[in-house]
Amino acid sequence: MPDAASTPLPPVLRPSETPARSLAELAATFGAHGDAALDGIEVRGVTLATADLRPGELFVAVPGANRHGAEFAAAAIAAGAGAILTDDAGARLIGSAPVPVLVVDEPRARLGAISAWVYGTGAEADLPPIFGVTGTNGKTSVMHLMQGILNGLGVITGMSSTAERHIAGEVIPSRLTTPEASEVHALLALMRERDVAAVLLEVSAQALTRHRVDGIVFDVAGFTNLTHDHLDDYGDMATYLAAKLELFRASRSRRAVVCVDQPEGVDVARRSEVPVATVLTPDIAADPTVDADWRVELVRETPDGVTFTLTGPAGSLTTTVPVIGPHMASNAALAIVMLLEAGWEWQRLRALLQDARIDAHLPGRIQRLSGDSGPALYLDFGHSPDAFEKTLAAVRRVTPGKVIMVCGANGDRDTTKRADMGAAAARGADVVVVTDQHPRSEDPALIRAALIAGAGAASPTTTVHEVTPPEEAIAFAVSMAGDGDAILWAGPGHQHYRDIAGVRTPFDAEEAARSALRAHGWTPAA
């Protein structure tokens, strides 16, 4: 495994051509002011990052957690910035400059609207249908399942998920669950340029509170669930839910589809400002008697997927989602109903899906890496107590032998969930192997200790091992497993690096797992 060089960040995507926009008109439209003459000056793009800046673009300098973007103005100018937009504090830091410096209040809050204006991607623009999905868990799965269905219908898609960006078949790794507003609008412009007919965007709570999806009106918004996560940002679950609810304002969406398996989903449906269709999976719902427009009934579960029947106002269909777990049937149902709400005909959807397997790849989402013999080995991106609980339950339902879990927790993120993650692991698995994931700036031993303490308090009889680094942890887990057993490795999912002391260190969890299987005489999946 490489252990020295850091992995490069994925590129920021832009259309091949962006029309020149008048800087004077930009200033007039958004109430920006400055001392420089603006006549005749034009910009051809927007960015927050000097590393991504292209000549002639507008560099937007915003205050950050530790430094102000204006401190990088000289680098932006050297890279060819056509102008700079910032706040009063940023203008004072920049001082005199060879390019125009425009000033507005709260430039981050203006970034979405400005980017939409520059790229021509605002609510009034001629854009394909845009779908947005929010929730703690399941966003990526819904996106990839929806894309698989649309591609099966012959629709050219564009997608931005936690795992990947897709544009008409081109695949690029993602940076953030939801990119910055300047990137989102550039991505929309690129998708339009490439004749994309449906756009799928994951929408995190941070995207809503940090203005990353400003300037976009979603044709259909979806909600999966709300569980313990991100309390380092939001403090409590009520505030976290309020952040998610922003997607269901009339100013942001036209219609919505909401999973009502939890009270929080019922609350979202009730408080939505746009028309809502609801989806319920009684097998996993907190209250299976909740009234819903669409119901998901489980038909069959195997190690290769879940067959379910979806029934609602338009009719009924039975199909199979290609990953395990009742919650994945719920995710697939949400994707189907969102497409129906956007105008795709029920008969076309049914003709494609009835008695068929949804043709979709979900990167790092309960991804089976093992072959037909030996222990089943699943790789998953889960990094919350609820994700651990649901995925372990899904593995347990299709495993005749023991269940072994390999897991870690991320540094510099919500510390309040670590004990609960350990507890969920201990309650759901027969053996838990605690290892490292992204320690970031924290001491990884302290992160592991929190997981181990939570596991011990929840289930003192569960065997817990502490093994690091992670490639040794997965090898250790495989050494304990045999035919009929299962291993769930939660944490790395689709990612191909580990964040250690601020360095993205290359790490391939898939290859580590496959190597462990081969070393113990088992054949990985092709």
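Because the structure is a prediction, the values reported are computed rather than measured.

**Here's the deal with the sheet that holds strand E5 (residues 83-86)**
So, point 1. Pairing is parallel across the open sheet formed by four strands, whose spatial order is E3-E4-E5-E6. The sheet terminates laterally at strand E3 (46-47) and strand E6 (101-103), the two strands that pair on one side only.
So, point 2. Note that E3 and strand E4 (residues 58-60) share two bridges and pair parallel. Following the sheet pairing, Val 46 is matched in E4 by Leu 58.

**Digging into helix H15 (residues 444-458)**
The α-helix advances 3.6 residues per turn, and as a result positions three or four apart in sequence lie on the same side.
So, point 1. Between its first and last C-alpha atoms H15 spans 22 Å; for 15 residues at 1.5 Å apiece the expected length is 21 Å, and the two agree.
So, point 2. Within H15, the full set of buried residues consists of Ile 447, Arg 448, Leu 451, Gly 454 and Ala 455. End-on view of H15: buried residues confined to an arc of 125°, all on one side of the axis. Exposed side chains of H15 directed beyond 90 degrees from the buried face belong to Leu 446 and Ala 457.
So, point 3. For H15, the elements touching its buried residues are strand E20 (403-407), helix H14 (418-428), strand E21 (431-434) and strand E22 (463-466).

**Examining the environment of Pro 173**
So, point 1. By the element assignment, Pro 173 lies in strand E10 (residues 170-173).
So, point 2. Taking relative accessible area as the criterion, Pro 173 reaches 51% and is therefore assigned exposed.

**Section: the packing of helix H11 (residues 326-342) against helix H12 (residues 346-353)**
So, point 1. Put simply, H11 and H12 touch, their axes get as near as 10 Å, and they point 150° apart. Classified by the angle between their axes, H11 and H12 sit roughly antiparallel to one another. Taken together, the residues of H12 that come into contact with H11 (itself represented by Ile 336, Leu 339 and Leu 340) are Trp 346, Leu 349 and Leu 353.
So, point 2. Here the contact of H11 with H12 is built from residues that sort into six nonpolar, no polar and no charged.

**What to know about the confidence of the model for the protein chain**
So, point 1. The pLDDT averaged across the protein chain works out to 93; a share of 97% of its residues lies at or above 70.
So, point 2. Counting contacts from residues 1-5, a segment whose pLDDT is below 50, to residues more than four positions away or on other chains yields ten contacts.

**Section: the sheet that holds E22**
So, point 1. Judged by pairing direction, the sheet is mixed, and its six strands sit side by side in the order E18-E19-E23-E20-E21-E22 without closing on themselves. On the outer flanks of this sheet lie strand E18 (367-368) and E22, each paired with one strand and no other.
So, point 2. Where E20 meets strand E23 (residues 486-490), five bridges bridge the pair, whose relative direction is parallel. Along E23, the bridge assignment pairs Met 405 with Leu 488.
So, point 3. Sheet strands touched by H15: E20, E21 and E22. Its angle to E22, the strand with the most contacts, is close to 175°.
So, point 4. Where helix H16 (residues 470-479) meets the sheet, it contacts strand E19 (376-380), E20, E21, E22 and E23, and its direction lies at approximately 165° from that of E23.

Here is what the cut-offs are and how they apply
Residues numbered from 1 in each chain as written. Predicted model: local features only at pLDDT ≥ 70, side-chain atom pairs only at ≥ 80, totals over all residues. Heavy atoms only, no water. Pairing = 2+ DSSP bridges. Helix = DSSP H or I, 4+ residues; strand = E, 2+ residues; numbered from the N terminus. Expected span 1.5 Å × (residues − 1). Buried < 20%, exposed > 50% of the residue type's maximum accessible area, 1.4 Å probe, protein only. Arc of directions from axis to C-beta. Contact = heavy atoms within 4.5 Å. Axes fitted to C-alpha atoms, helices over the stretch in contact; angles between N-to-C directions. Parallel < 35°, antiparallel > 145°, perpendicular 65-115°, else oblique. Nonpolar A, V, L, I, M, F, W, Y, C, P; charged D, E, K, R; others polar. pLDDT = per-residue confidence, 0-100.

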